[in-house]
Amino acid sequence: MKLFIDTANIDEIKKASELGIIDGVTTNPTLISKVSKISKDTDKKSDFKDIIKKICDIIDGPISAEVISLDSETMIREAIELAQIHKNIVIKIPMCSQGLKAVKYLKTKNIKTNVTLIFSAQQALLASKAGASYVSPFLGRLDDIGQTGLILIKDIVDLFLAQNIKTEIICASIRNPIHVIDCGKLGAHIATVPYNILNQMIEHPMTSIGIDKFLKDWNN
Ligand code: G3P
C-alpha cells in the first residue's frame, strides 16, 4: 500500500519525507490557502506554483495540484501550465461533466489526472473511463454526514477489480489511523494522510512505555 501525505505545508512534507516512507503528496485549494501568504488575487497563481515546485523538490513521487476552473477549456489550460512545473505533477480535477472532458483530453497529452470529490462508485467508474490515473473518494466527509465512507471504498475496489480497471484509488479525507488500515485491508492502492494522522500511526502508548523501561533498565 502506498502512503501519500495530504498537506501543502512544506515543514510537514520535509519531516514526513525524512521518514522515507512517503510515496506522494496531495494538495487541494483549501490546503494551499492554509499555507499561502498571498492576499492579492494577482499573486495567487505564482504563489501556488512556488509551493508546488517546493513540494516537487522534496518528494520524488506523484504530486497532485488542483485546478480551480469549472469549464473544461480553462481546466485544460491550467493543467498544462501546472504540468510544466515538474514531471511528477498529477492534475487534480473535480468530478463533474466539464472535469471528465478535461481528463479525457489530458489523457491524450499524457498528463496524469486525479479525479477528486468522488462520492459514489458510478463517479469513480466514469472518471476511470475518461482516463483518470487516480480517483480520490472522500471517506471522512461521508462519515461526517452519517454515511459509512468505507462502503464507498469497498464498492470502488470491488468494481475496479471485477472490471480490471487500472485507475488507482487514493483514499482521501482520512480522519484517523483506523481509516488507513481499513482502506488497506479492502485493497485500496493509496491512502493520503494528514501529517497529524501520520504521527498518530507512528505512536503507541505501549511502545513509549517499552522504550522508557528499556532505557531505565539499561541505565540501572
Ligand atoms: O485532499 C482531499 C481530502 O483529503 C480532503 O480531506 O479532511 O478536507 O475532508 P478533508
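These numbers were taken from a predicted model, which means no experiment stands behind them.

The rules we used
Residues numbered from 1 in each chain as written. Predicted model: local features only at pLDDT ≥ 70, side-chain atom pairs only at ≥ 80, totals over all residues. Heavy atoms only, no water. Helix = DSSP H or I, 4+ residues; strand = E, 2+ residues; numbered from the N terminus. Rg over C-alpha atoms; globule rule 2.2 N^0.38 Å. Areas by Shrake-Rupley, 256 points an atom, 1.4 Å probe, with all protein chains shown as cover. Lys, Arg positive; Asp, Glu negative; His and termini not counted. Charge placed at Lys NZ, Arg CZ, Asp CG, Glu CD. Pairing = 2+ DSSP bridges. Axes fitted to C-alpha atoms, helices over the stretch in contact; angles between N-to-C directions. Contact = heavy atoms within 4.5 Å. Near = heavy atom within 4 Å. Polar contact = N/O pair within 3.5 Å; in protein donor to acceptor, adjacent residues only side chain to side chain. Nonpolar A, V, L, I, M, F, W, Y, C, P; charged D, E, K, R; others polar. Expected span 1.5 Å × (residues − 1). Buried < 20%, exposed > 50% of the residue type's maximum accessible area, 1.4 Å probe, protein only. Arc of directions from axis to C-beta. Parallel < 35°, antiparallel > 145°, perpendicular 65-115°, else oblique. Left-handed = near helix turned anticlockwise from the far one by under 90°. Phe/Tyr/Trp six-rings, centres within 6.5 Å; stacked < 30°, edge-to-face > 60°. Right-handed = clockwise from strand over helix to strand, strands pointing away.

**With respect to the overall build of the protein chain**
Then, number 1: Of the regular secondary structure elements, the protein chain holds 11 helices and 8 strands.
Then, number 2: Its C-alpha atoms give the protein chain a radius of gyration of 19 Å, near enough to 17 Å, the size a compact globule of 220 residues would have.
Then, number 3: Across its three principal directions, the C-alpha atoms of the protein chain cover 70 × 45 × 30 Å.
Then, number 4: Accessible surface, the protein chain: about 12000 Å² in total, of which carbon and sulfur atoms supply 54%.
Then, number 5: One way to put it: in the protein chain the 27 positive side-chain charges average out to a point 5 Å from where the 25 negative ones average out.

**Considering the sheet that holds strand β2 (residues 24-26)**
Then, number 1: Spatial strand order, β1-β2-β3-β4-β5-β6-β7-β8: 8 strands in a closed barrel with parallel pairing. In this sheet, neighbouring strand axes are inclined to one another by 30° on average, regardless of whether the strands run parallel or antiparallel.
Then, number 2: Alignment of strand β6 (residues 134-137) against strand β7 (residues 168-171), held across 2 bridges, turns out to be parallel. Paired with Val135 across the two strands is Ile169, which belongs to β7.
Then, number 3: Helix α5 (residues 97-108) contacts β4 (89-94) and β5 (113-118) of the sheet and is inclined by roughly 155° relative to β4.

**A look at the site of the ligand**
Then, number 1: Taken together, the residues surrounding the ligand are Asp6, Asn28, Lys92, Phe138, Arg141, Ala172, Ser173 and Arg175.
Then, number 2: Within the side chain of Arg175, one N or O atom sits 2.7 Å away from an oxygen atom of the ligand.
Then, number 3: About the coverage of the ligand: the protein hides 81% of its 310 Å² of free accessible area.
Then, number 4: Tallied by class, the residues present in the shell around the ligand amount to 2 nonpolar, 2 polar and 4 charged.

**Re helix α4 (residues 72-83)**
Then, number 1: For α4, with 12 residues, the first-to-last C-alpha span of 16 Å sits near the 16 Å given by 1.5 Å per residue.
Then, number 2: All of the buried residues in α4 are Ser72, Met75, Ile76, Glu78, Ala79 and Leu82. Buried residues of α4, viewed axially, fall in a sector of 165°; they line one side. Opposite its buried face, α4 presents the exposed residues Glu73 and Arg77, each directed more than 90 degrees away.

**Digging into the packing of helix α8 (residues 149-162) against helix α9 (residues 177-186)**
Then, number 1: At a minimum axis separation of 10 Å, α8 and α9 run at an interaxial angle of 25°. Judged by the inter-axis angle, α8 sits roughly parallel to α9. Where α8 crosses over α9, the handedness of that crossing is right-handed. On α9, the residues that touch Leu150, Ile153, Lys154 and Val157 of α8 are Asp182, Cys183 and Leu186.
Then, number 2: Here the contact of α8 with α9 is composed, by residue class, of 5 nonpolar, no polar and 2 charged.

**Some points on the packing of aromatic side chains**
Then, number 1: For the coordinates displayed, the defined rule picks out 2 aromatic pairs.
Then, number 2: Judged by centre distance (6.5 Å) and plane angle (65°), the rings of Phe4 and Tyr134 are edge-to-face. Placement of Phe4 in strand β1 (residues 2-6) and of Tyr134 in strand β6 is noted, with a sequence separation of 130 residues between them.
Then, number 3: On the accessibility criterion, Phe4 (2% relative accessible area) is buried.
Then, number 4: Note on Tyr134: relative accessible area 6%, which makes it buried.
Then, number 5: On the basis of an interplanar angle of 65° and a centroid distance of 5.7 Å, the ring pair of Phe119 and Phe138 is categorised as edge-to-face. Residue Phe119 is found in the loop between β5 and α6 (121-130), and its partner Phe138 is found in the loop between β6 and α7 (139-144); the two are separated by 19 residues along the sequence.
Then, number 6: Its relative accessible area of 33% is what places Phe119 among the partly exposed residues.

**Notes on the pairing of strand β3 (residues 63-66)**
Then, number 1: Here β3 shows two buried faces, one formed by Ile63 and Ala65 and the other by Ser64 and Glu66.
Then, number 2: Across 2 bridges, β2 lies against β3 in parallel orientation. Bridging across to β3, Thr26 finds its partner in Ser64.
Then, number 3: When β3 meets β4, the two strands line up parallel, connected through 4 bridges. The residue of β4 that forms the bridge with Glu66 is Lys92.
Then, number 4: Remark: the β3/α4/β4 crossover connection has right-handed handedness.

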